[in-house]
Amino acid sequence: MPALLKVEDLHIGFGPLEPLSGVDIAVDRGRILGLVGESGSGKSMTAMSVMGLLPLMGGRIKSGRILFDGTDLTSIGEKAYRNLRGGRIALITQNPMTSLDPVVKVGRQIDQVAEIHLKLDRRAAREKTIGLMARMRIPSPEMTYDLFPHQLSGGLRQRIVIAMALAGDPDLLIADEPTTALDVTVQAQIIALLHELVKEKGLGLVLITHDMGVVAQTCDEVAVMYCGKVVEYGQVDAIFDAPRHPYTRALIGCIPQPGMAQGSLAGIPGMVPPASAMPAGCRFNPRCPQAIDVCRASSPPSVVDAGRSVACFLAEGASA
Ligand SMILES: Nc1ncnc2c1ncn2[C@@H]1O[C@H](COP(=O)(O)OP(=O)(O)OP(=O)(O)O)[C@@H](O)[C@H]1O
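Just so you know, these numbers come straight off a predicted model, no measurement behind them. (Residues numbered from 1 in each chain as written. Predicted model: local features only at pLDDT ≥ 70, side-chain atom pairs only at ≥ 80, totals over all residues.)

Draft legend 1. Geometry of unusual backbone geometry. Even without being glycine, S140 reaches a positive phi, approximately 40 degrees. You can see S140 is positioned in the loop between α6 (122–135) and α7 (141–145). Even without being glycine, C227 reaches a positive phi, approximately 50 degrees. Taking the number of C-beta atoms within 10 Å as the measure of exposure, C227 has 23 and is therefore buried. (Helix = DSSP H or I, 4+ residues; strand = E, 2+ residues; numbered from the N terminus. Buried ≥ 20, exposed ≤ 12 C-beta atoms within 10 Å, placed from the backbone.)

Draft legend 2. Highlighting the UniProt feature "domain: ABC transporter" (unreviewed entry) in the protein chain. Residues given the UniProt feature "domain: ABC transporter" (unreviewed entry) here are residues 5–252. What you have in residues 5–252 is 43% helix and 26% strand, and the ends, taken at the C-alpha atoms, are 26 Å apart. (UniProt positions renumbered as here; feature names shortened; annotations may be inferred.)

Draft legend 3. Quick look at the domain arrangement of the protein chain. Domain parsing of the protein chain yields domain 1 (5–88 + 171–272) and domain 2 (97–169). A straight line from the C-alpha centre of domain 1 to that of domain 2 covers 25 Å. Each partner contributes residues to the interface: domain 1 has nine residues there, and domain 2 has eight residues. A per-element tally of the side of domain 1 that touches domain 2 places helix α9 (residues 184–201) first, with three residues. Looking at the side of domain 1 that touches domain 2 residue by residue, the classes come out as seven nonpolar, two polar and no charged. (Domains from an automatic or database assignment. Contact = placed C-beta atoms within 7 Å. Nonpolar A, V, L, I, M, F, W, Y, C, P; charged D, E, K, R; others polar.)

Draft legend 4. Quick peek at the packing of helix α5 (residues 106–118) against α6. Between α5 and α6, the shortest axis-to-axis distance is 8 Å and the interhelical angle comes to 120 degrees. Classed by the angle they form, the pair α5 and α6 counts as oblique. At the point where α5 passes α6, the crossing takes the right-handed sense. On α6, the residues touching G107, I110, D111, A114 and E115 of α5 are R122, A125, R126, K128, T129 and L132. In terms of residue class, the contact of α5 with α6 is made up of four nonpolar, two polar and five charged. (Axes fitted to C-alpha atoms, helices over the stretch in contact; angles between N-to-C directions. Parallel < 35°, antiparallel > 145°, perpendicular 65-115°, else oblique. Left-handed = near helix turned anticlockwise from the far one by under 90°.)

Draft legend 5. Quick peek at the sheet that holds strand β8 (residues 204–209). A sheet is described by the order of its strands in space; here eight strands give the open sequence β6-β7-β8-β3-β9-β10-β12-β11, paired in mixed fashion. Of all the strands in the sheet, just β6 (89–92) and β11 (303–305) have a single pairing partner and so form its edges. Sheet twist, expressed as the average angle between the axes of neighbouring strands with direction ignored, equals 20 degrees. As paired strands, β6 and strand β7 (residues 172–176) are joined by four bridges and run parallel to one another. Bridge pairing in β7 places A90 opposite L173. (Pairing = 2+ DSSP bridges.)

Draft legend 6. Inspection of the sheet that holds strand β2 (residues 17–27) at higher detail. Spatially, four strands are ordered β2-β1-β4-β5 in an open sheet, and the strand pairing comes out antiparallel. Since the sheet does not close on itself, it has two edges, and those belong to β2 and β5 (71–72), each with one partner. As paired elements, strand β4 (residues 60–68) and β5 share two bridges and run antiparallel to each other. Directly across from L67, in β5, lies its bridge partner D72.

Draft legend 7. Spatial organisation of the nonpolar core. Residues A163 and V224 are the most contacted members of the largest nonpolar core, which totals 86 residues. Ranked by residues supplied to this core, first place goes to helix α8 (residues 154–166) with eight residues. Domain assignment of the residues forming this core places at least three in each of domain 1 (5–88 + 171–272) and domain 2 (97–169). Setting aside residues no more than four positions away along its own chain, A163 makes contact with I110, L132, M133 and M136. (Core = buried A, V, L, I, M, F, W, Y, C linked by C-beta atoms within 7 Å.)

Draft legend 8. Looking closely at α5. For α5, with 13 residues, the first-to-last C-alpha span of 18 Å sits near the 18 Å given by 1.5 Å per residue. On its buried face, α5 is in contact with α6, α7 and α8. At the exit of α5 stands K119, carrying a positive phi of roughly 55 degrees. (Expected span 1.5 Å × (residues − 1).)

Draft legend 9. View of the site of the ligand. Near the ligand, the surroundings consist of 14 residues, among which P19, S39, K43, S44 and M45 are the closest. Contributions of two or more residues to the shell around the ligand are made by β2 and α1 (43–50). No other element matches α1, which puts three residues into the shell around the ligand. Per-class residue counts for the shell around the ligand are seven nonpolar, six polar and one charged. (Near = placed C-beta within 6 Å.)

Draft legend 10. View of the pairing of strand β1 (residues 5–14). Bridging between β1 and β4 involves seven bridges; their strand directions are antiparallel. Among the inter-strand pairings, K6 is bridged to a residue of β4, identified as L67. Pairing of β1 with β2 involves seven bridges; the strand directions are antiparallel. Paired with L5 across the two strands is V27, which belongs to β2. Here β1 hands over to β2 after two residues, with G15 in that stretch at a positive phi of 55 degrees.

So, in structure tokens, the structure goes:
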């Protein structure tokens, strides 16, 4: 069976800019891939690419492949994409209000996904919706079905959005910072629920997050992104036990603490540069405490070894 999702050497363009320059990730059924990195590292662009939404934003795929269950999505066209989106591939975004229609009852919004993608009639769709709402541990599903989004708390709205994502019986879920807007207790509940759903239904999940703590607790594999590239990839346990890239080490070293500014890396000064000002050589070199001459001169290749990969001249096993 082919991998559920395999992105190979993906390069995308926005005019002359290249916000993704060589992204390789894979996720399988029943597995959770964490996509992690600071703001601007290319996590959302990777999600938009897989969802086929780049053209809407003014971007395009320059090269590489996005294999979904063996089919290369970079060449399927918008019509085929419309069937996949919300059906076999579903996206959960950070702010539930962008996914919900404020003037339609939440239950109907879930129904509509099942009606469109599974061709269920209204009655069967309602039954599925109530079941999904109960599965999402939404209290009194029959009553909540008739409410409008503004009548629900943020946490309940996000559960409705996840139920909507599940209503088309997806194989792959992409969750882009699904809990950032919620308070910490609710965040933990939603992440635990996503984890349960993946393991129970055998879905693949790409979980985009800033938070290495969430990755450690929830994910099976992790792809660490910096400046539009995956700098380290592999199984979570192996990477947390022995991170090979200095950027991964920095991220693990600053698992967010209460009160810390979002997006800042304790101990590593500076910010992710914009796509218009990429440094020469390794893109992390201006912030890397260990950079040597070769890091400023050339871009490190990704070295694959026993199921993990790292792009750093200084990593064990890598050569200049
Ligand atoms: N609409 C756009 N047009 C052109 N470039 C963009 C656009 N949106 C983002 N970018 C650029 O693409 C790069 C990657 O951004 P992206 O939003 O994917 O990062 P991210 O890791 O998801 O960050 P965040 O955690 O803030 O969502 C950045 O250099 C950003 O400036």
